[in-house]
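A look at the structure
Single-letter residue listing:
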Amino acid sequence: MEFLVSPGGSLQGEVRVPGDKSISHRSVMLGALAVGETRVSGFLQGEDALATVAAFRAMGVSIDGPTRGELKIQGVGLKGLRAASAALDMGNSGTSMRLLCGILAGQAFASELVGDASLMGRPMQRVITPLTRMGARIEAADGGRPPLRISAGATLQGIHYDLPMASAQVKSCVLLAGLFADGETSVTEPAPTRDHTERMLRGFGYDVFQRDGVIGLRGGGQLTGTDIDVPADISSAAFFLVGATIAPGSELLLTHVGMNPTRTGVLQILELMGADISVQNPREIGGEPVADLLIRHAPLKGIEIPRDLVPLAIDEFPALFIAAACAKGRTVLRGAEELRVKESDRIASMAEGLSTLGVRNEVLDDGIIIEGGPIGGGTVRTFHDHRIAMAFAVAALCAERDIQILDCDHVATSFPGFDSLARGLGLPIAVQDPEP
Ligand code: S3P
């Protein structure tokens, strides 16, 4: 599937984008490990979260749905998972693979984790190292890549792990393994990262402590089934936050957006650039802050992105690079080397597409410098990365000519229905099959 997006247009209206991917994954994982029923609403019916659902079904968990975002999970308790009859295929989803590794490391049965071509090339040593220290036995391919083979019957010991990189996936993996470990398991992070695991564990009645920067729990407790309302994903909202900001005449209301402070770096960065975003009706739902966001077009200026905001906006940089391309002056991003190990190398993928569209940029080891200026048109590659596809789609709002975007199938991993939803708001986007 390809997108062909005509230049110009503006975004108008009111919309609730699909559910948060990180929270959707965790709702299935903790719901499966809980005692009793968990009901989820607003669940993201994207391929990544569905890979997590399929994995738990394969391990014997009864899950109804998702139907219109509703899911009912019959939890089996911390000791109730069963061996799957085949390797667990996590598709494109790094979150599924890394968090599941933590859950599977201490099981009585062996497991194998595989994924698509992108996931099979992503680094897993970052979870293998702490899990091995806890007593797990995990085999990987060269360079710590999948497939991962997790041995049966390891006895896990609680550890303290000082995370070498700001990664919520690694933090969550270690904490989830800690549920099955003897004693206390704790982590410290080089910078705060999304804390949905900690919040949701508490929502399931599990005690998670946080003192002096140390986050931890004791193994052997019990999770109790609960109800979860998944907010709209701020990472999906980001494409429209940027789109409405760069397109003259836009006025857009995004409703029920997750506003967890470990995720709102995109708002802070856009505000520093001059965006006009008002946060309305802030409220808390099921332990997560939520609000409606009203965005009006505003001229942007280039900035040096503060380093402390990088982990808080890590998935939003493809969209933010488009904002930078439309800004007056230069935007500098540093300290973002983690972008190189996402679904694609997002610094390289975005730099190539920006250059194709005539936007001057300089690639750095850990970031990029983007000179704002006119966006031309042309054909860009996505490297099968959903967020690259959606970022270049909204770039057309500020472009001079058509933008053709190749290989857009992966958009369905996080944002099923993106094209029709965007079209309804005013983005002149068409979907086409690639030429034979
Ligand atoms: C996620 C954490 C982030 C993010 C990913 C989802 C999560 O990855 O990029 O899309 O749900 O924990 P890292 O923690 O590896 O940075």
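Right, let's walk through the structure included here.

Now for the overall build of the chain. Along the chain, the regular secondary structure elements total 13 helices and 23 strands. Relative to the compact-globule value of 22 Å for 436 residues, the chain shows a C-alpha radius of gyration of 21 Å, a close match. Across its three principal directions, the C-alpha atoms of the chain cover 60 × 50 × 45 Å. With 436 residues in all, the chain has 59% of them scored as buried. By sequence separation, contacts in the chain at least 24 residues apart represent 75% of the contacts at least 6 residues apart. Put simply, the chain shows about 15400 Å² of open surface, and 48% of that area lies on carbon and sulfur atoms.

The next point concerns the site of the ligand. All residues adjacent to the ligand are Ser22, Arg26, Thr95, Ser167, Ala168, Gln169, Arg194, Ile314, Asp315 and Lys342. Residue Ser22 places a side-chain N or O atom 2.7 Å away from an oxygen atom belonging to the ligand. Looking at the shell around the ligand, the elements with two or more residues in it are helix H1 (21-33) and helix H6 (168-178). The residue inventory of the shell around the ligand, partitioned by class, reads 2 nonpolar, 4 polar and 4 charged. Both domain 1 (2-19 + 231-431) and domain 2 (21-229) contribute no fewer than three residues apiece to the shell around the ligand.

To continue, consider the sheet that holds strand S5 (residues 70-76). Spatial strand order, S4-S5-S3-S14: 4 strands in an open sheet with mixed pairing. Every other strand in the sheet has two partners, leaving strand S4 (62-67) and strand S14 (227-229) as the edge strands with one partner each. Sheet twist, expressed as the average angle between the axes of neighbouring strands with direction ignored, equals 15°. As judged from the 3 bridges shared by strand S3 (residues 35-41) and S14, these two strands associate in the parallel manner. Considered in S14, the bridge of Ser41 is made with Asp229. Packing of H1 onto the sheet brings it into contact with S3, S4, S5 and S14, and relative to S5 it is tilted by some 35°.

Sheet strands line up and pair through hydrogen bonds in the backbone, either parallel or antiparallel. Taking strand neighbours across the sheet as the criterion, the 4 strands line up as S21-S22-S1-S23 in an open arrangement whose pairing is mixed. The open sheet has two edge strands with one neighbour each: strand S21 (378-380) and strand S23 (429-432). For this sheet, the mean angle separating the axes of adjacent strands, direction not counted, is 20°. Sheet strands in contact with helix H12 (residues 386-395) are strand S1 (2-5), S21, strand S22 (403-405) and S23, and its direction is about 170° off that of S22.

Turning our attention to the pairing of strand S19 (residues 361-364). Note that S19 and strand S20 (residues 367-371) share 4 bridges and pair antiparallel. Across the sheet, Glu362 pairs through a bridge with Ile369, a residue of S20. In textbook terms, the turn of a hairpin is the stretch between consecutive antiparallel strands, and for S19 and S20 this stretch comprises 2 residues.

Considering the arrangement of structural elements, one finds Lys171 in helix H6. With near-sequence residues (within four places) excluded, Lys171 lies in contact with Leu163, Val187, Glu189, Thr193, Arg194, Asp195, Glu198 and Ile215.

Quick look at the pairing of S5 now. By the bridge criterion, 6 bridges tie S3 to S5 in an arrangement that is antiparallel. By the bridge assignment for S5, Thr38 is matched with Ile73. Relative to S5, S4 is paired through 4 bridges, and the arrangement is antiparallel. The residue bridging Ser62 from the neighbouring strand is Gln74, located in S5. If you look at the hairpin formed by S4 and S5, you'll find 2 residues sitting between the two strands, and Arg68 has a positive phi there, around 45°.

By size, the foremost hydrophobic cluster in this structure holds 82 residues, and its most contacted members are Phe240, Leu254, Leu270, Phe317, Phe392, Ile405 and Phe418. At 9 residues, the largest contribution of residues to this core is made by helix H8 (residues 234-246).

Enumeration over the complete set of coordinates arrives at 6 aromatic pairs. Ring plane angle 75° and centroid distance 6.5 Å describe the contact between Phe239 and Phe418, whose orientation is recorded as edge-to-face. Within this pair, whereas Phe239 is found in helix H8, its partner Phe418 is found in helix H13 (residues 418-425), the two being separated by 179 residues in sequence. Given the relative accessible area of 1%, Phe239 is considered buried. By relative accessible area, Phe418 is classed as buried at 0%. Relative to Phe418, the ring of Phe240 lies with its centre 5.9 Å away and its plane at 25°, an arrangement referred to as stacked. In this pair, Phe240 is assigned in helix H8 and Phe418 in helix H13, connecting sequence segments 178 residues apart. Three or more aromatic residues link up through ring pairs in this structure, and these residues are Phe3, Phe239, Phe240, Phe415 and Phe418.

What counts as what
- Residues numbered from 1 in each chain as written.
- Predicted model: local features only at pLDDT ≥ 70, side-chain atom pairs only at ≥ 80, totals over all residues.
- Heavy atoms only, no water.
- Helix = DSSP H or I, 4+ residues; strand = E, 2+ residues; numbered from the N terminus.
- Rg over C-alpha atoms; globule rule 2.2 N^0.38 Å.
- Buried < 20%, exposed > 50% of the residue type's maximum accessible area, 1.4 Å probe, protein only.
- Contact = heavy atoms within 4.5 Å.
- Areas by Shrake-Rupley, 256 points an atom, 1.4 Å probe, with all protein chains shown as cover.
- Near = heavy atom within 4 Å.
- Polar contact = N/O pair within 3.5 Å; in protein donor to acceptor, adjacent residues only side chain to side chain.
- Nonpolar A, V, L, I, M, F, W, Y, C, P; charged D, E, K, R; others polar.
- Domains from an automatic or database assignment.
- Pairing = 2+ DSSP bridges.
- Axes fitted to C-alpha atoms, helices over the stretch in contact; angles between N-to-C directions.
- Core = buried A, V, L, I, M, F, W, Y, C linked by side-chain atoms within 4.5 Å.
- Phe/Tyr/Trp six-rings, centres within 6.5 Å; stacked < 30°, edge-to-face > 60°.

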